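Residue-level structure breakdown
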Amino acid sequence: MTIMTTRAWRLAAAAALCAAPLAFGAQPAAAEKMTIRISTPAVPGDWHAEQLSVFKEYVERSLPDQFDVQIFLNATLFKQGTEPAQMKRGNLDMAMISAQDIAKQLPEYSIFTAGYLIRDPEHQKAVFYGDVGQDYFKAVSDKMDVTILSVAYLGTRQLNLRDARDVKTPADLEGVKLRMPGSKAWQFLGQALGAAPTPLAFNEVYLALKTGTIDGQDNPLPTNQKAKFYEVTKQIVLTGHLVDGVFTAIANQTWNKLNEEQKTVFTEAARLAAEFNNNNRLRDEARLVEFFKSAGMTITEPDRDAFRAQVQKMYLESEFSKEWPQGLLDRINAAGS
Ligand code: KDO
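All figures in this text were calculated on a predicted structure; none of them were measured in a lab.

**Re the domain arrangement of the protein chain**
For the protein chain, the assigned domains read domain 1 (3–155 + 244–283) and domain 2 (157–243 + 286–334). One C-alpha centre belongs to domain 1, the other to domain 2; they are set 25 Å apart. Every contact between the two is made by 40 residues of domain 1 and, on the other side, 36 residues of domain 2. When the two sides are added together, the surface that domain 1 and domain 2 hide from each other amounts to roughly 3,200 Å², 58% of it contributed by carbon and sulfur. Of all residues in domain 1, Ile111, Tyr116 and Asp244 give up the largest surface area on contact with domain 2, accounting jointly for 24% of the area buried on that side. In this assembly, domain 1 and domain 2 are joined by three salt bridges.

**Focus on the pattern of salt bridges**
Following the criterion strictly, the structure yields 20 salt bridges and no others. Between Arg331 and Asp135 there is a salt bridge whose closest N-O contact spans 3.2 Å. Linking Arg331 in helix 13 (residues 328–334) with Asp135 in helix 6 (residues 131–144), this pair joins segments that are 196 residues apart in sequence. Residue class for Arg331 comes out partly exposed when judged on its relative accessible area of 34%. Asp284 serves as the salt-bridge partner of Lys226, at 3.8 Å between the closest nitrogen and oxygen. Of the two residues, Lys226 is situated in helix 9 (residues 221–226) and Asp284 in helix 11 (residues 260–294); the sequence distance between them amounts to 58 residues. According to the relative accessible area criterion, Asp284 is buried, its value standing at 1%. One salt-bridge network, held together by shared partners, links Lys226, Arg283, Asp284 and Arg287.

**Details of unusual backbone geometry**
Of note in this structure, Asp65 is not a glycine but carries a positive phi near 65°. You can see Asp65 is positioned in the loop between helix 2 (47–62) and strand 2 (67–72). For Asn74, which is not glycine, the phi torsion reads 55° and is therefore positive. Following the sequence through the fold, Asn74 ends up in the loop between strand 2 and helix 3 (83–89).

**Considerations on the pairing of strand 4 (residues 146–161)**
Burial runs high along strand 4: 16 of the 16 residues are buried. Bridge analysis of strand 4 against strand 8 (residues 235–251) gives 13 bridges, and the strand direction is antiparallel. When the sheet's bridge partners are listed, Gly155 is paired in strand 8 with Asp244. Of the pairings in the sheet, the one linking strand 4 to strand 7 (residues 216–220) comprises five bridges and is antiparallel in character. By the bridge assignment, Gln158 is partnered in strand 7 with Asn219.

**Description of the site of the ligand**
In the vicinity of the ligand, the contacting residues are Pro41, Ala42, His48, Gln80, Ser98, Leu154, Arg157, Arg179, Pro181, Trp186, Phe202 and Asn219. Gln80 has a polar side-chain atom sitting 2.8 Å from an oxygen atom of the ligand. One nitrogen or oxygen atom from the side chain of Arg179 is found 2.7 Å from an oxygen atom belonging to the ligand. The residue makeup of the shell around the ligand, split by class, is six nonpolar, four polar and two charged. Inspection of the shell around the ligand shows a minimum of three residues originating in each of domain 1 (3–155 + 244–283) and domain 2 (157–243 + 286–334).

**Comments concerning the environment of Gln134**
Position of Gln134 among the secondary structure elements: in helix 6. Taking the relative accessible area as the measure of exposure, Gln134 reaches 59% and is therefore exposed. C-alpha of Gln134 to C-alpha of Gln80: the two residues are 54 residues apart in sequence and 25 Å apart in space.

**Let's talk about the side chain of Thr254**
Along the chain, the position of Thr254 falls in helix 10 (residues 252–255). Judged by its relative accessible area of 3%, Thr254 is buried. Here Asp93 takes part through its side chain, which lies 2.8 Å from a polar atom of the side chain of Thr254. Ignoring any residue separated from it by four or fewer positions in sequence, one finds Thr254 in contact with Met34, Ile36 and Asp93.

**Digging into the pairing of strand 5 (residues 177–180)**
Within a regular beta strand, the side chains point alternately toward one face of the sheet and then the other, so they alternate between its two faces. Where strand 5 meets strand 6 (residues 196–199), four bridges bridge the pair, whose relative direction is parallel. Each residue of the ladder has a partner; that of Arg179, found in strand 6, is Thr198. Between the parallel elements strand 5 and strand 6, the chain passes through helix 7 (residues 184–192) in a crossover that is right-handed. As paired strands, strand 5 and strand 7 are joined by two bridges and run parallel to one another. Bridging from a neighbouring strand, Arg179 pairs with Gln217 of strand 7.

The rules behind each value
- Residues numbered from 1 in each chain as written.
- Predicted model: local features only at pLDDT ≥ 70, side-chain atom pairs only at ≥ 80, totals over all residues.
- Heavy atoms only, no water.
- Domains from an automatic or database assignment.
- Contact = heavy atoms within 4.5 Å.
- Buried area = accessible area lost by both parts, 1.4 Å probe.
- Salt bridge = Lys/Arg side-chain N within 4 Å of Asp/Glu carboxyl O.
- Helix = DSSP H or I, 4+ residues; strand = E, 2+ residues; numbered from the N terminus.
- Buried < 20%, exposed > 50% of the residue type's maximum accessible area, 1.4 Å probe, protein only.
- Pairing = 2+ DSSP bridges.
- Near = heavy atom within 4 Å.
- Polar contact = N/O pair within 3.5 Å; in protein donor to acceptor, adjacent residues only side chain to side chain.
- Nonpolar A, V, L, I, M, F, W, Y, C, P; charged D, E, K, R; others polar.
- Right-handed = clockwise from strand over helix to strand, strands pointing away.

Rendered as structure tokens:
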């Protein structure tokens, strides 16, 4: 079999891989290959898990016999949220990290964890692939010792409740035990929505919904489907409170071992993989309301302006916004326009 290593192959692959989900066979490991281990809590089949296969395929075919990319899903290698520390310590090569992970170490950038800030996936790209993102990624590299290669649209987060209830405004969520991931920034988002946030790792959410330890959770529709949360919940409230993203990041210890060509390929692979994720996720978001309805769920529209107004007010009045760099909010709002 002839394997093209040229840029031409890479461009052809980019077009093909972006178009549709693909299945890839495992490559045999060779002793000289550099192992790249990637850890994520993502469940198999979710688009940001699939995008890692696209990344692997692109790297291994563009740079034959140089890398063995190993993907660990379901947080089987490292627990959700611990990946940045593991990368810094040299235990992990790559992960998909969130703005909330980053905010723990760079509180001035907690701005990216705020609800109703990023408007849509195009705005997300304009922010993170533009000058705002450049400053942000540099700060992340300097402080956290990881290099961000791409941003992928995780989807727009919606409320998902175990028992149906009438939810129009944040006041209607009073006392609702809403699972949010375990960090200060995530917990604050739950509070800003009017609920009683409770921390739990992603991979424990299904069981907690099933047994009733929590009243609800929030995630984008494609994740609700792929993680099967719809099996153990009755309602989705389309709050659209966070246009969420995940960053594909590589430990600087690993990054610094790569030559220029390898760095270029890794960056191309990560960008292409993110595009693959975005295309598939957007398509799913457009059709999943019907899927959930046919599965017997109740899908409701809240007063989104009431949610937006309360969430934005709470962020602006919070301890978080006191640390946001002067002018950054305006730069984010203006990005892409
Ligand atoms: C979650 O725990 O709800 C979350 O959606 C948070 C994201 O930042 C990301 O970690 C994601 O889980 C996982 O990749 C699982 O989809």
